[in-house]
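Architecture at a glance
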Amino acid sequence: MLHTKIVDSKKEKILTSSAEKFIKDSKFGASVYFLGTVRNINDNKTVTGITYDSHDEMVIKSFEEIYNEAHQKLDIKDKAVFIEHAKGHLNLGEISIIIAVACKHRDQAYVLSRYIIEEIKKRSPIWKKEHYENEESEWLKGNPIANEKF
Amino acid sequence: MKIKLELFGASRDFSNKGHLNLEIQEKASVYDLRNEIIKYLDKNFKGNESFIKVVKSSAFCSENNEIISDNYKITKDQKIGIIPPIGGG
């Protein structure tokens, strides 16, 4: 069971309550919630906010691929996964990503949650522009997109 | 052939429209498209080095949202996305 969405910050916010509703099921005994939030310092610079950009279709496709791989690579068949990533401007402390997973047992839930965030970092086309206290801003360097065919 | 290059991440600084309209030769490859973008930057941004670096380190994606490599042949007018180095989360 998978839910994915790009959340436009101009229209709505990422809510942990939505994730909880989606993954809640008595067949699962372990849930892990991972939240990424906007931090106030990066590389010794005072950050005031971040603008996120996204290639929406490719991001959703990458989330689906990562979810499907969990079955083959991690052998976790029974699971509920809720992934949302923000797009647009976020202030300090606001949620940029939520990955909520529910599995039968805790070891699966921890492994799955970690696997998803690490793969998103490598494969999902999302970009960050940091804004600083002196009114300057900068696109973060990032890493070349990982692709098996590339 | 006419290519609508959709801009993402750092490449958004190449235009305030969110895309570039480029003209490439028949049967050009992604490699040729990359060079065409560099030509555009030479002309419009005096060869801005950090912009060129973005182009050289970028991947490209097709209308079908597949990553396409430098030797991929572009056979028709289409929309192509430039994918600079990523970093979400």
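As a reminder, the structure under discussion sits directly above these lines.
Structural notes, computed from the coordinates. Source: prediction; values computed, not measured.

**Digging into the nonpolar core**
Counting residues in hydrophobic clusters, the biggest one holds 40 residues, and the most contacted among them are A:Val81, A:Ile83, A:Ile99, A:Val101, A:Leu112, A:Ile116 and A:Ile120. With 8 residues, the top contributor of residues to this core is strand E6 (residues 95-103) of chain A. Counting residues in hydrophobic clusters, the runner-up holds 34 residues, among them A:Met58, B:Phe8, B:Ile38 and B:Val54.

**Looking at the packing of helix H1 (residues 30-45) of chain B against helix H2 (residues 49-56) of chain B**
Residues and elements named next belong to chain B. Their axes nearest at 10 Å, the elements H1 and H2 cross at an angle of 170°. Here H1 lies roughly antiparallel to H2, going by the angle between them. Every residue of H2 that contacts H1 at Arg34, Ile37, Ile38, Leu41, Asp42 and Phe45 is listed here: Phe51, Ile52, Val55 and Lys56. In terms of residue class, the contact of H1 with H2 is made up of 7 nonpolar, no polar and 3 charged.

**Some points on H2(B)**
In an α-helix, one turn spans 3.6 residues; hence positions three or four apart end up facing the same way. Residues and elements named next belong to chain B. The set of residues buried in H2 consists of Phe51, Ile52, Val54 and Val55. Buried residues of H2, viewed axially, fall in a sector of 155°; they line one side. For H2, exposure combined with an orientation more than 90 degrees from the buried face picks out Glu49, Lys53 and Lys56. Tucked inside the fold, the buried residues of H2 contact H1 and strand E5 (78-83).

**Structural notes on the packing of aromatic side chains**
Taken as a whole, this structure holds 5 aromatic pairs over all chains when the rule is applied. Aromatic pair A:Phe22 and A:Phe82: ring centres 5.9 Å apart, planes at 55°, arrangement tilted. In this pair, A:Phe22 sits in helix H1 (residues 16-23) while A:Phe82 sits in strand E5 (residues 80-91), placing the two residues 60 residues apart along the sequence. Exposure remark for A:Phe82: the relative accessible area of 2% places this residue in the buried category. Ring geometry for B:Phe14 against B:Phe51: centres 5.1 Å apart, planes inclined by 50°, an arrangement best described as tilted. Here B:Phe51 lies in helix H2 and B:Phe14 lies in the loop between strand E1 (2-6) and strand E2 (19-23), a separation of 37 residues in the sequence. Both residues of the pair, B:Phe14 and B:Phe51, count as buried.

**So, the pattern of salt bridges**
Residue and element names in this part refer to chain A. Summed over all chains, the structure comprises 18 salt bridges over all chains. A salt bridge links Lys87 to Asp56, with the shortest nitrogen-to-oxygen separation between them at 3.0 Å. Highlighted residues: Lys87 in strand E5 and Asp56 in helix H2 (residues 56-74), separated in sequence by 31 residues. According to the relative accessible area criterion, Asp56 is partly exposed, its value standing at 28%. Between Glu69 and Arg123 there is a salt bridge, and its shortest N-O distance comes to 2.9 Å. Linking Glu69 in helix H2 with Arg123 in helix H3 (residues 106-123), this pair joins segments that are 54 residues apart in sequence.

**Some words on the environment of B:Phe14**
Residue and element names in this part refer to chain B. A residue is classified by how much of its surface remains accessible, and Phe14, at 1% relative accessible area, is buried. Along the primary structure Phe14 and Tyr40 are separated by 26 residues, whereas in three dimensions their C-alpha atoms are 9.3 Å apart. Discounting residues that sit within four places of it in the chain, Phe14 has contacts with Leu7, Leu20, Ile37, Tyr40, Leu41, Phe45, Phe51, Val54 and Val55.

Cut-offs and rules
Residues numbered from 1 in each chain as written. Chains lettered and ligands numbered in written order. Predicted model: local features only at pLDDT ≥ 70, side-chain atom pairs only at ≥ 80, totals over all residues. Heavy atoms only, no water. Core = buried A, V, L, I, M, F, W, Y, C linked by side-chain atoms within 4.5 Å. Buried < 20%, exposed > 50% of the residue type's maximum accessible area, 1.4 Å probe, protein only. Helix = DSSP H or I, 4+ residues; strand = E, 2+ residues; numbered from the N terminus. Axes fitted to C-alpha atoms, helices over the stretch in contact; angles between N-to-C directions. Parallel < 35°, antiparallel > 145°, perpendicular 65-115°, else oblique. Contact = heavy atoms within 4.5 Å. Nonpolar A, V, L, I, M, F, W, Y, C, P; charged D, E, K, R; others polar. Arc of directions from axis to C-beta. Phe/Tyr/Trp six-rings, centres within 6.5 Å; stacked < 30°, edge-to-face > 60°. Salt bridge = Lys/Arg side-chain N within 4 Å of Asp/Glu carboxyl O.

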